[in-house]
Amino acid sequence: MNMTIIPGGICAPVGFKAAGIQCGLRKNKSKKDLALIYADQPCVSAAVYTQNKVKAAPLLVTMQNLADSQARAVIVNSANANACNKDGLQKAHMMCKLAADALSIPESDVIVSSTGVIGQTLPIEPIANHIDALAAALSHDGGGDAAEAILTTDTVKKEIAVSFETDGKICKIGAMAKGSGMIHPNMATLLCFVTTDAAISPQALSKTAREVCDDTFNMVSVDGDTSTNDMMVVMASGLCGNQAAEDDQPPDGFKQALMFVCTHLAKEIAKDGEGATKLLECTVTSAGDIDTARSAAKSVISSSLFKSAMFGKDANWGRILCAVGYSGGEIDTDKIAVSLSSCNGEIEVCRNGTGLPFDEQRAADILSGDEIKILIDLGEPQGYSASAWGCDLTYDYVKINGDYRT
């Protein structure tokens, strides 16, 4: 597949504009806190949501508005999650109406999303007072501002765009995401907004989005907490001119391109975990089935003991086997092999379920890298594999979350 990374982020595909401004929701007035994405025409749209039973009001409203698989705009605020509030649904509907009126589109065509502190009333006045300025700021160069406005404790913007060929046409996918803490598999506290100019059926878009999410965002863990506000939204304008199938099959190359985009963002989120100093990538190979591969990789990347060991540059492989052992899959522990690698080299620490003698100093040098790969071979001939991403657990994680609300 011929795919190229291109500039433009969320605005790279044909037919999209974006903006991000400071409206006054944040205590820090130098940071943007309100974003808007707008499509020139109605888009086929789909979403994947958090599996937390406590869902924030914006998710419930978005679910309602996307019942017809159509949307034209996304409004997002940071600094306040609008979750677990008595007036949450009212405020979420008001955000949709404010955006709809400013853009002269139906309220039901607006996706709404919020991120930030849970349980605090969302003040609607700053949004209402700045919605016209936000709409006026929409531009084809506004993707970076929008990507900045959705951040909470993130330290960097997370955006990417690619082009690929399908049906003789050059199509594009652009995306932006946020996520740093309260991140755990099954849609963590992350938001991801994707645009594409590919033509695709609602059934194919929904199916593909969920499948891609299962192998990317659902394989990320920072701290074991699954949020109330997570969602991944994909909007397709169809303006690149390809022919969309009417069934649940995406255009050639679309799933691979979306997988690339979401894998990139998933790794960016894991790397930017609160207080993190290392990106951890756990790849499980030679598993008996895909569920076993996924659960084992997730289990290792979610282990607080293992994450702490990675922060301390301690090749404590026993914690890896322990996490694999309680992951729930059908695993023959006598077949497990484990290696650790980074830009500083690779070292095998376990074979056939038992430890190997190794140089502790060399292992520490390898674990000094800022991207650590954990390679686990389960020794089964079926050969299923999966990867999960996380980060080390540091002192700063506790510092950040000890006074997050205050």
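Residues numbered from 1 in each chain as written. Predicted model: local features only at pLDDT ≥ 70, side-chain atom pairs only at ≥ 80, totals over all residues. Heavy atoms only, no water.

Student: Explain helix α3 (residues 125-136) here, please?
Tutor: Residues spaced three or four apart along an α-helix point in a common direction, a consequence of the helix completing one turn every 3.6 residues. Taken as a whole, α3 has its buried residues at Pro-126, Ile-127, Ile-131, Leu-134 and Ala-135. One side of α3 holds all its buried residues, which, seen down the axis, span an arc of 130°. Turned more than 90 degrees off the buried face of α3, the exposed positions are Asn-129, Asp-132 and Ala-136. For α3, the secondary structure elements touched by its buried residues are β2 (16-21), β3 (34-49), β4 (70-77) and α2 (88-103). (Buried < 20%, exposed > 50% of the residue type's maximum accessible area, 1.4 Å probe, protein only. Helix = DSSP H or I, 4+ residues; strand = E, 2+ residues; numbered from the N terminus. Arc of directions from axis to C-beta. Contact = heavy atoms within 4.5 Å.)

Student: Explain the packing of aromatic side chains to me, please; I cannot follow it from the model alone.
Tutor: Describing an aromatic ring pair means giving the distance of the ring centres and the angle of the ring planes. Applying the stated criterion across every chain yields a total of two aromatic pairs. With 5.2 Å between their ring centres and 85° between their planes, Phe-311 and Tyr-395 make a pair best called edge-to-face. One end of the pair, Phe-311, is in helix α8 (residues 304-311); the other, Tyr-395, is in helix α11 (residues 395-402), and 84 residues separate them in sequence. (Phe/Tyr/Trp six-rings, centres within 6.5 Å; stacked < 30°, edge-to-face > 60°.)

Student: Would you mind going over the state of the cysteines with me for this structure?
Tutor: Covalently bonding the sulfur atom of one cysteine to the sulfur atom of another cysteine gives a disulfide. Applying the stated criterion to the full structure yields one disulfide. We note that Cys-43 lacks a disulfide partner, and the nearest cysteine sulfur, in Cys-11, lies 12 Å from it. Between Cys-213, a cysteine without a disulfide, and Cys-262, which holds the nearest cysteine sulfur, the sulfur-to-sulfur distance is 7.4 Å. Residue class for Cys-213 comes out buried when judged on its relative accessible area of 0%. (Disulfide = S-S within 2.5 Å.)

Student: What should I look at first to understand the sheet that holds strand β14 (residues 371-377) in this one?
Tutor: Neighbouring strands of a sheet are bound in pairs by backbone hydrogen bonds; such pairs are parallel or else antiparallel. Strand order across the open sheet formed by six strands is β13-β12-β11-β14-β10-β15, with mixed pairing between neighbours. Both edges of this open sheet fall to β13 (354-355) and β15 (384-391), since each of them pairs with a single strand only. Across seven bridges, strand β10 (residues 279-287) lies against β14 in parallel orientation. When the bridges of β14 are listed, Leu-280 appears paired with Ile-372. Of the strands in this sheet, β10, β14 and β15 are in contact with helix α6 (residues 254-271), which crosses β15 at around 40°. In the packing of helix α7 (residues 290-302) onto the sheet, the strands contacted are β10, β14 and β15, and the crossing angle to β15 comes to about 20°. (Pairing = 2+ DSSP bridges. Axes fitted to C-alpha atoms, helices over the stretch in contact; angles between N-to-C directions.)

Student: Explain helix α9 (residues 317-325) to me, please; I cannot follow it from the model alone.
Tutor: Among all positions in α9, only Ile-320, Leu-321, Ala-323 and Val-324 are buried. Projected down its long axis, α9 shows its buried positions confined to an angular sector of 160°, all on one face. For α9, the secondary structure elements touched by its buried residues are α7, α8, β11 (337-342), β12 (345-351) and β14.

Student: Looking at this model, I keep getting lost on the nonpolar core. Mind explaining?
Tutor: In this structure, Ile-173, Phe-217, Met-232, Val-284 and Ile-376 are the most contacted members of the largest nonpolar core, which totals 69 residues. Here the element with the most residues in this core is α6; it accounts for nine residues. When neighbours within four sequence positions are excluded, Val-284 is seen to be in contact with Ala-293, Ala-296, Ala-297, Ile-376, Leu-378, Tyr-384, Ser-385 and Ala-386. Counting 27 residues, the second largest nonpolar core, distinct from the first, contains Ala-19, Ile-21, Ala-57 and Val-110. (Core = buried A, V, L, I, M, F, W, Y, C linked by side-chain atoms within 4.5 Å.)

Student: Could you clarify how one ought to interpret the packing of helix α5 (residues 202-215) against α6 in this entry?
Tutor: Helix packing geometry: the angle between the two helix axes and the distance between the axes. In the contact formed by α5 and α6, the axes pass within 10 Å of each other and the chain directions differ by 40°. Relative to α6, α5 is oriented oblique. For the pair α5 and α6, the crossing hand works out as right-handed. Mapping the contact onto sequence places Leu-205, Thr-208, Ala-209, Glu-211, Val-212 and Asp-215 in α5 and Phe-254, Lys-255, Leu-258, Met-259 and Cys-262 in α6. The class makeup of the residues in the contact of α5 with α6 is seven nonpolar, one polar and three charged. (Parallel < 35°, antiparallel > 145°, perpendicular 65-115°, else oblique. Left-handed = near helix turned anticlockwise from the far one by under 90°. Nonpolar A, V, L, I, M, F, W, Y, C, P; charged D, E, K, R; others polar.)

Student: Mind showing me how you'd approach the pairing of β11 here?
Tutor: Each regular strand carries side chains that alternate between the two faces of the sheet. Counting buried residues in β11 gives six out of six residues, a clear majority hidden from the surface. Residues of β11 alternate between two faces, with Ala-337, Ser-339 and Ser-341 on one and Val-338, Leu-340 and Ser-342 on the opposite face, all of them buried. As judged from the five bridges shared by β11 and β14, these two strands associate in the antiparallel manner. When the bridges of β14 are listed, Ala-337 appears paired with Asp-377. Where β11 hands over to β12, the hairpin turn is made up of two residues, counted between the paired strands.

Student: Got a minute to help me understand the pattern of salt bridges in this structure?
Tutor: Charged atoms that come close allow side chains of opposite charge to pair. Per the stated rule, a full pass over the model turns up 15 salt bridges. In this structure, the salt-bridge partner of Asp-272 is Lys-158, at a minimum N-O distance of 2.7 Å. Here the residue Asp-272 occupies a position in the loop between α6 and β10, and Lys-158 occupies one in strand β6 (residues 158-166), the gap between them amounting to 114 residues. The pair formed by Asp-272 and Lys-158 is uniform in burial state, with each residue classed as buried. Note that Lys-335 and Glu-380 form a salt bridge whose closest N and O atoms lie 3.5 Å from each other. You can see Lys-335 sitting in the loop between α9 and β11 and its partner Glu-380 sitting in the loop between β14 and β15, a full 45 residues away along the chain. The class for Lys-335 is partly exposed, based on a relative accessible area of 34%. (Salt bridge = Lys/Arg side-chain N within 4 Å of Asp/Glu carboxyl O.)

All quantities given are derived from atomic positions and should not be read as evidence of function.
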